[in-house]
Amino acid sequence: MFSSIGLFKNTPCPRQDDCSLPKCIFAHLISDSTAAPLGGLAKEYDPFSAGDVAEPPPKRRRVESPGAENATLRSVKLRVEPANSHPSLKPTGNGAEGLTPTVRRSENVTASVKEGSSAKPQQRKESPKSMQRPISPPLKRQTKDEPTTAKPSAQRTIKVEPLTPRKVSKAPAVFKTRVTVLQALHKQVCDQNQKMIAKKDASTDARLTNQEAITFALDEEELATRLGEDIYRNTMAQKVLRIKKMTSDEWIQRVKEWKTPVNVKSDVEAASNPAIPGKGLSSDEEVAILPHLQTSLIGYEKYGYVTQVVPKSEIKAAMAAASSAGGYEVCDRCGTRFQVFPGRDEHGRLTSHGTCRHHWAKLNRAPTSKSTKILGQSEATFPCCGQAPGSEGCTEGETHVFNVKDPKRLSLILPFETTPGAKDEAAKSPLAFDCEMGYTTLGMEVIRVTAVRWPSGQLVLDVLVRPFGEILDLNTRFSGIHQEAFAAAPEYKPGLEYDPEKDGLRKVASPAVARQLLFDHLTPNTVLMGHAIDNDLNVCRIIHPMIVDTVILFPHPRGLPYRQSLKYLAQKVLNRGIQMGGAEGHDSKEDSIATGDLVRKKVAERWSLMYHEGWRFVDGKPTQGQSTQHPDSQATQ
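Rules and cut-offs
- Residues numbered from 1 in each chain as written.
- Predicted model: local features only at pLDDT ≥ 70, side-chain atom pairs only at ≥ 80, totals over all residues.
- Heavy atoms only, no water.
- Phe/Tyr/Trp six-rings, centres within 6.5 Å; stacked < 30°, edge-to-face > 60°.
- Buried < 20%, exposed > 50% of the residue type's maximum accessible area, 1.4 Å probe, protein only.
- Helix = DSSP H or I, 4+ residues; strand = E, 2+ residues; numbered from the N terminus.
- Lys NZ or Arg CZ within 6 Å of the ring centre and 35° of its normal.
- Polar contact = N/O pair within 3.5 Å; in protein donor to acceptor, adjacent residues only side chain to side chain.
- Salt bridge = Lys/Arg side-chain N within 4 Å of Asp/Glu carboxyl O.
- Arc of directions from axis to C-beta.
- Contact = heavy atoms within 4.5 Å.
- UniProt positions renumbered as here; feature names shortened; annotations may be inferred.
- Disulfide = S-S within 2.5 Å.
- Pairing = 2+ DSSP bridges.

- Under an unreviewed UniProt entry, the name given to the chain is C2H2-type domain-containing protein, and the organism recorded is Exophiala mesophila.

Written out as structure tokens, the structure reads:
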């Protein structure tokens, strides 16, 4: 509001004591009999004084700051006006006695009032009812000896919602897919509810209204949205099948648990926090939960995953096409078309067109920021040198190189093979593995294979591999393998135990031998995990049914074929720096361990969801609908 300029400061307020404005533009006048007792100063009301104390006059907000003349009492101005200045006041005598001193209603009087004034005081109106209301006593602090009364539990509030997926920050699937799985889940919930309604002896707590059935399905679907796309689909499929197969007792128990006053949002937050309650999982329990993360690769063939052995007829057709090409390939680095000479030509060359000038890093744009909307998207550059597209490469290679990704052409070099069944069909420990590749006259081939046991990280296989073709480039910046070390590596001898960290890496005769060494630690039921595992499987020509890929567990925001790098995920999820060697390249053992630790994070998140869905460990196996101890209390690290 605007401040007053004082035009009405000498005009009496029309409402007088009824005025409730904290800053009134009119003057409030009270008689001397009300302002102060005769023969002394007005005393400030002390609520802590002893004896019977009269009710204090109603106070108004202080407008003027107190002066510094008196530290004990607040000094005010005493404004004296002639009695004839107000129609309600009449002169009582001559001279000074004919004046009635008046003061502002909210101020303390610091000057004495002349005694003997015969002015008849005005009659005060009653105090507002709010001033007559008794004051509530202060809250009494509860002591330890006093019993506490339990608050009644709140009932679950059911909002009116349509059967439409709720909005989430990051949808794991397109809206049409979410609607389809939600409707399938809701149908099974309604079927179970109809069974309860048909039972006359069933408790009313086990029955759901139409809106409760919708809310139940929405809650279950919202919990599953915290997972990746493929894990979301598998989870929803399991939910539908599990509800369909529930017995009456299991359904009654599930409905009672759902009707308890639980905040769904807190459940989702707990599910996304790996420390609740998955932090106490033992190694055996982690292994037992791992199959729930297993992803079927059916449908991923378009992204480079091979799920079936290539038929011989297609291999022959690929052979005819390769022979007709005359050895011409396109450089994987600079895009130059060149010719490959397996076994060298008459000039001793392995490839044509001399050296290869290229950028070793992929083209990249600066991260999107707020200024992007104003200044526009920045131009893409090469992170290796900061140059723009079309510029001359900053790195020079001795030869041009190429990469073959077609499964038919890959089968020309080494056919794909499905993991064979072992003599001992007992399930072996899960493995996290990683391969390093180099360029040869046959394309990109494996030159190192590393596998560690999961979740312990114990090294079980780490060997160098002699490729089938002549080596063009060991790709040291990424593989971490130098030419001198590769040439000087001793031959691998089966049956001899050695420590790669002490004895150095041994070199096997071919990729086929390396694949067989890996098969010795696998069965078709063994979970094999990796990051962008399609590259590692294809370069080893392996088709394995039990796969866990961290590219799928931690999908790129734009989805496949875009992928988040292992280095980025390790820094973001594990707060760990890997692949920090720069030009010295990567370490496949370090990458394997980081991949396994990323999977452990997802296992903890998955168990949190399962725990809220009613899963418990029974005899070391996760079981639905069993009541046992909390996993944190029974697990041992």
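The discussion continues.
## Considerations on the packing of aromatic side chains
(1) Moving on: Under the counting rule described, the total for this entry stands at ten aromatic pairs.
(2) Moving on: Residues Tyr300 and Tyr305 carry aromatic rings whose centres are separated by 5.8 Å and whose planes lie at 75° to one another, so their mutual orientation is edge-to-face. Tyr305 shares its class with Tyr300; the two are buried.
(3) Moving on: Where Trp607 meets Phe617, the ring centres are 4.6 Å apart and the plane angle is 45°; that geometry is what we call tilted. Note that Trp607 is positioned in helix 19 (residues 588–612) and Phe617 in strand 18 (residues 615–618), a separation of ten residues in sequence. As far as the burial class goes, Trp607 and Phe617 line up, both buried.
(4) Moving on: In textbook terms, an aromatic cluster arises when at least three aromatic residues are bridged by ring pairs, as seen for Phe216, Trp251 and Trp258.
(5) Moving on: Seen from the ring of Trp360, Arg477 lies directly overhead, with NZ or CZ sitting 4.1 Å from the centre.
(6) Moving on: Positioned above the aromatic ring of Tyr562, the side-chain terminus of Arg558 is 4.1 Å from the ring centre.

## Digging into the side chain of Thr523
(1) Moving on: Along the chain, Thr523 turns up in the loop between helix 15 (511–519) and strand 15 (528–530).
(2) Moving on: Owing to a relative accessible area of 0%, Thr523 belongs among the buried residues under this scheme.
(3) Moving on: Looking at Thr523, its side chain comes within polar contact range of the side chain of Thr526, at 2.9 Å.

## Overview of the pattern of salt bridges
(1) Moving on: Using the criterion set out here, one finds 22 salt bridges in the structure.
(2) Moving on: With its nearest N and O atoms 2.7 Å apart, the salt bridge here joins Glu222 to Arg166. Residue Glu222 is located in helix 4 (residues 210–224), and its partner Arg166 is located in the loop between helix 2 (129–132) and helix 3 (175–198); the two are separated by 56 residues in the primary sequence. Exposure class is identical for Glu222 and Arg166. Each is buried.
(3) Moving on: Ionic pairing is found between Glu613 and Arg242, a salt bridge with its closest N-O pair at 3.2 Å. Taken together, the positions of Glu613 in the loop between helix 19 and strand 18 and Arg242 in helix 5 (residues 229–244) put the pair 371 residues apart, joining distant regions of the chain. Comparing Glu613 with Arg242, the two get one shared label, buried.
(4) Moving on: One salt-bridge network, held together by shared partners, links Glu220, Lys239, Arg242, Arg254 and Glu613.

## Observations regarding helix 18 (residues 566–573)
Residues that lie three or four places apart on an α-helix share one face, since the helix turns once every 3.6 residues.
(1) Moving on: The complete set of buried residues in helix 18 reads Leu566, Leu569 and Ala570. Buried residues of helix 18, viewed axially, fall in a sector of 100°; they line one side.
(2) Moving on: Those residues of helix 18 hidden inside the fold are in contact with helix 17 (550–553) and helix 19.
(3) Moving on: In the stretch just after helix 18, Asn575 is the one whose phi turns positive, near 55°.

## Points about the UniProt feature "domain: C2H2-type" (unreviewed entry) in the chain
(1) Moving on: The UniProt entry lists residues 331–353 under the feature "domain: C2H2-type" (unreviewed entry), expressed in the numbering used here.
(2) Moving on: Helix makes up 0% of residues 331–353 and strand 13%, whereas the separation of the span's terminal C-alpha atoms amounts to 11 Å.

## A look at unusual backbone geometry
(1) Moving on: In this model, Trp454 is joined to Pro455 through a cis peptide bond whose omega is 5°.
(2) Moving on: Tracing the backbone through its elements, the reader meets Pro455 in the loop between strand 11 (443–453) and strand 12 (459–465).
(3) Moving on: A positive phi angle, close to 50°, is found at Ala532, a residue other than glycine.
(4) Moving on: Within the fold, Ala532 resides in the loop between strand 15 and helix 16 (533–540).
(5) Moving on: Backbone geometry at Arg541 places phi at a positive 60°, although glycine is not the residue there.
(6) Moving on: Looking at the element boundaries, Arg541 is found in the loop between helix 16 and strand 16 (542–543).
(7) Moving on: Its relative accessible area of 4% is what places Arg541 among the buried residues.

## Regarding the state of the cysteines
(1) Moving on: Within this structure, the stated rule accounts for zero disulfides.
(2) Moving on: Just so you know, Cys435 is unpaired, no disulfide at all, and the nearest cysteine sulfur is the one on Cys540, 3.6 Å from it.
(3) Moving on: On the basis of relative accessibility, which here comes to 4%, the residue Cys435 falls in the buried class.

## Examining the pairing of strand 10 (residues 431–440)
(1) Moving on: Burial analysis of strand 10 places ten of its ten residues in the buried class, the great majority of the element.
(2) Moving on: The side-chain alternation of strand 10 yields two buried faces, one formed by Leu431, Phe433, Cys435, Met437 and Tyr439 and the other by Ala432, Asp434, Glu436, Gly438 and Thr440.
(3) Moving on: Taken together, the two bridges between strand 10 and strand 15 define a ladder with parallel strand orientation. The residue of strand 15 that forms the bridge with Leu431 is Leu528.
(4) Moving on: Two strands pair when backbone bridges link them, and strand 10 and strand 11 are joined in this way by ten bridges, in the antiparallel orientation. Counterpart to Tyr439 in the pairing with strand 11 is Met444.

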